[in-house]
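Residues per chain are reported as follows:
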Amino acid sequence: MSAFHSRIYFLCPHCKKAPRTLPGHLRTACMKGSSEEDIRATVIQAKKEMADFSHTGRFWEYQTIREICGAANPLASLLEEMTRKGLVVRNVPPLLPAPTCIPQSSTRVAERATPDAERAPAALEPEPESVSDDSSEENYQSSGGPNWTSDVRVEMARKGLYKKHSIAHPLLQGFFVYLSVDLGNKRSKQEVENVSRFMFFMDPNEPSLSFVREVEKVREYFNVLTHTQLAKQTVLNYWKSLKRFMRYTITSTSLQSKDKTLYMDCKDFIDPLDGIRAGMSKKVNKELTQKRYRGYGKEKLPADCVAILDLAKTDFLALIGKLQGPAAVSGELLEKSDRLLILYYLEAIIMLKLLQRPGVVTNMTVEEWQGRTRFPEGSCIAVKEHKTAASQIAEVPLTTDQDLWFSLYFNHIRPVMLQGSRSGDDATAEGQFCVSSSGRPIHNPCNDLYRLHAKYKVPPVSSGDARMAFETAAKNLPELERNAVARLLGHTPETAEKHYRMRTPADAFLAQRLVENITGKTQ
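Residues numbered from 1 in each chain as written. Predicted model: local features only at pLDDT ≥ 70, side-chain atom pairs only at ≥ 80, totals over all residues. Heavy atoms only, no water.

Remarks on the packing of aromatic side chains
As a reminder of what qualifies: Between the rings of Phe, Tyr and Trp (Trp by its six-membered ring), a pair exists once the centres lie within 6.5 Å; its type follows the angle of the planes, with under 30 degrees stacked, over 60 edge-to-face, and the other angles tilted. Per the convention used, a helix needs a DSSP run of H or I reaching at least four residues, while a strand needs a run of E reaching at least two, with both numbered from the N terminus. Note on classification: 1.4 Å probe, protein chains only; a residue is buried when its accessible area is under 20% of the maximum for its type, exposed when over 50%, partly exposed between these limits.
Summed over the entire model, instances satisfying the criterion amount to 19 aromatic pairs. Ring geometry for F406 against F433: centres 6.1 Å apart, planes inclined by 25°, an arrangement best described as stacked. Of this pair, F406 sits in helix 17 (residues 400–418) while F433 sits in the loop between helix 18 (426–431) and helix 19 (445–455), and the two are 27 residues apart along the sequence. On the basis of relative accessible area, F406 is assigned to the buried category, the value being 1%. Judged by centre distance (5.8 Å) and plane angle (0°), the ring pair of F410 and F433 falls under stacked.

Here it is in structure tokens:
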């Protein structure tokens, strides 16, 4: 009988998974491109955390459990304590079930600064930190990758800038309700987490509004963020989240009646906060200029933008052929990588050939697909939610062949992907047209576009590159054709008033034919 060989699985601090070998996982995934020294330091820290967990994390005090059971929201308190002790809780929903009753227990002193906690319908708890914004969780990876997935995140973690308070705290929970319900912000959880990290830096013990009296430390926080080499726009986004939180506190809570002094301090804090931004805007503009400089003379031609579609078309059509005809196979019989190739190719059509922003891919719903308008040339999908949704409807005109491809994906590939859905994802994913291999809604189709280019080893092209290339090429076209391309691009109302003259859905097909012509003329 063979000897028993045990293996200790160490937790990756980035993706919160326990791979078979942590060093190999870090080198090929979460810390790809980082130095061996950084990887060794991360492994040593993971081993230390495992030793601490074995020594202390497995043990619970009875009194702690009693306090959790007597808390205002026992489930949120339990999750918070489990995370603190080193456990990883998966698939935590954005909104936890509301407690059925409120025990009679004493509240913390900081409640005097808690604005309108009673407005929150349920408690929030953060999901584990992820090192990347997964979209479709595909198998093949490129040798390169976004720069921020390695050194910058390691530096942020080393400085403790990812540490945050539980967003189930009433002070933060009320802010979440304000963003998601009052403002209809779909990224409300991210903004709340930004503020939670800021508050942890200001006071690791508990979220409070006392930071409004510590302007120097607030400036220090944003300086520390800047020195970690975060993108200047990202630092500005942290500032915007804090500014929105202050606006919520001042205008949408009863803080004025509860604590007049603190309310006035919050109002007085706005001027120093605006002063902190003064230097940020200049840094952001300089960063954008430097990006333009790096791309100066390297503008993409329309033919470059659709090159990946030409390269991958043979493989794509071969897979599509398997899904139709007398010898058609089920989508389940295709390899996972083949199903993903079909999804990526269709996303690339929307972003690179039809010149739509990534938000169109993210937000296109099953209802919009089934309600598409049909024409002799094909069909046209109207997407309500996208970047300029307040003033326009995004149009996705498909030829007859493209309509067939999207139909085959919808009927054969998408149902298989939905089978991998996890608890809590089903309700959202069921309504989305594009879903990942794990059955989740796709949050960042740009990642899929990057991976498709990497698979065929061609320089990546973004949807922004494609839009700029075709817009530039269209400047030399007659006015009617130029307006058609402008319409497909979905310009702002101001631009529309200057250039748009067409208003019927059928005109979108003219724009698509013009895109084909531009591609051929510029090759």
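Thoughts on the pairing of strand 3 (residues 394–399)
As a general feature of sheets, a regular strand has side chains that alternate between the two faces. As a reminder, the rule being used: Should DSSP find at least two bridges between two strands, the strands are taken to pair.
Burial runs high along strand 3: five of the six residues are buried. The pairing of strand 2 (residues 378–383) with strand 3 spans six bridges and is classified as antiparallel. Each residue of the ladder has a partner; that of G378, found in strand 3, is T399.

Considerations on the sheet that holds strand 3
Let me state the cut-off plainly: Each axis is a line fitted through C-alpha atoms, taken for helices only over the stretch in contact, and angles between the N-to-C directions span 0 to 180 degrees. Any two residues whose heavy atoms approach within 4.5 Å at even a single point are treated as in contact.
The strand order across the open sheet built from three strands is 1-2-3, with neighbouring strands paired in antiparallel fashion. Either end of the sheet is taken by a strand with one partner, and the two such strands are strand 1 (373–375) and strand 3. Across this sheet, the average inter-strand angle for adjacent strands is 20°, counted without regard to direction. Across three bridges, strand 1 lies against strand 2 in antiparallel orientation. Looking at strand 2, one finds that T373 is bridged to C380. The strands that helix 17 touches are strand 1, strand 2 and strand 3; relative to strand 3, the one it contacts most, it runs at about 100°.

Section: the environment of R374
Structurally, R374 is set in strand 1. A relative accessible area of 55% means that R374 is categorised as exposed. Sequence separation between R374 and D403 is 29 residues; the distance between their C-alpha atoms is 9.7 Å. Discounting residues that sit within four places of it in the chain, R374 has contacts with S379 and D403.

A word on the packing of helix 7 (residues 188–202) against helix 8 (residues 215–227)
How we decide: For classification purposes, angles smaller than 35 degrees are called roughly parallel, those larger than 145 roughly antiparallel, those between 65 and 115 roughly perpendicular, and all remaining angles oblique. The handedness criterion is simple: a crossing whose near helix is rotated anticlockwise from the far helix by less than a right angle is left-handed, and one whose near helix is rotated clockwise is right-handed. When residues are grouped by polarity, Ala, Val, Leu, Ile, Met, Phe, Trp, Tyr, Cys and Pro land in nonpolar, Asp, Glu, Lys and Arg in charged, and all others, Gly among them, in polar.
The N-to-C vectors of helix 7 and helix 8 enclose an angle of 120°; their axes lie 10 Å apart at closest approach. Between helix 7 and helix 8, the crossing angle belongs to the class labelled oblique. Considering how the two elements wind past one another, helix 7 and helix 8 form a crossing that is right-handed. Residue-level inspection shows N194, R197, F198, F201 and M202 of helix 7 in contact with helix 8, the latter providing K217, V218, E220 and Y221. Along the lines of polarity and charge, the residues of the contact of helix 7 with helix 8 split into five nonpolar, one polar and three charged.

Section: helix 20 (residues 463–474)
Going by this rule: Each residue after the first adds 1.5 Å to the expected span of a helix. Directions drawn from the helix axis to the C-beta atoms are what define this arc.
Along its twelve residues, helix 20 runs 16 Å from first to last C-alpha, staying within 8% of the 16 Å computed at 1.5 Å per residue. Listing the buried residues of helix 20 in full gives S463, A466, R467, A469, F470 and A474. Buried residues along helix 20 cover an arc of 165° about the axis, so they all sit on one side.

Section: the environment of V458
Summarising the element assignment, V458 is placed in the loop between helix 19 and helix 20. Overall, the relative accessible area of 21% leaves V458 in the partly exposed class. Taking the C-alpha atoms as reference points, V458 and A307, 151 residues apart in sequence, are found 8.5 Å from one another. Apart from residues lying up to four places away in sequence, V458 is in contact with I308, L311 and H453.

Some remarks on a nonpolar patch on the surface
How we decide: Like charges within 9 Å and nonpolar side chains (Val, Leu, Ile, Met, Phe, Trp, Tyr) within 5 Å are joined into patches, using only residues over 30% in relative accessible area that form no salt bridge. Surface accessibility follows the Shrake-Rupley procedure with a 1.4 Å probe radius. Residue values consider only the protein chains on display as shielding. Here, a salt bridge means any side-chain nitrogen of Lys or Arg that lies within 4 Å of a carboxyl oxygen of Asp or Glu.
A grouping of W60, I65, L75 and L78 is seen on the molecular surface, where their side chains present a nonpolar patch of about 300 Å² in accessible area. Structurally, L78 is set in helix 4 (residues 74–84). On the accessibility criterion, L78 (32% relative accessible area) is partly exposed.

Function cannot be read off these values alone, since they describe shape.
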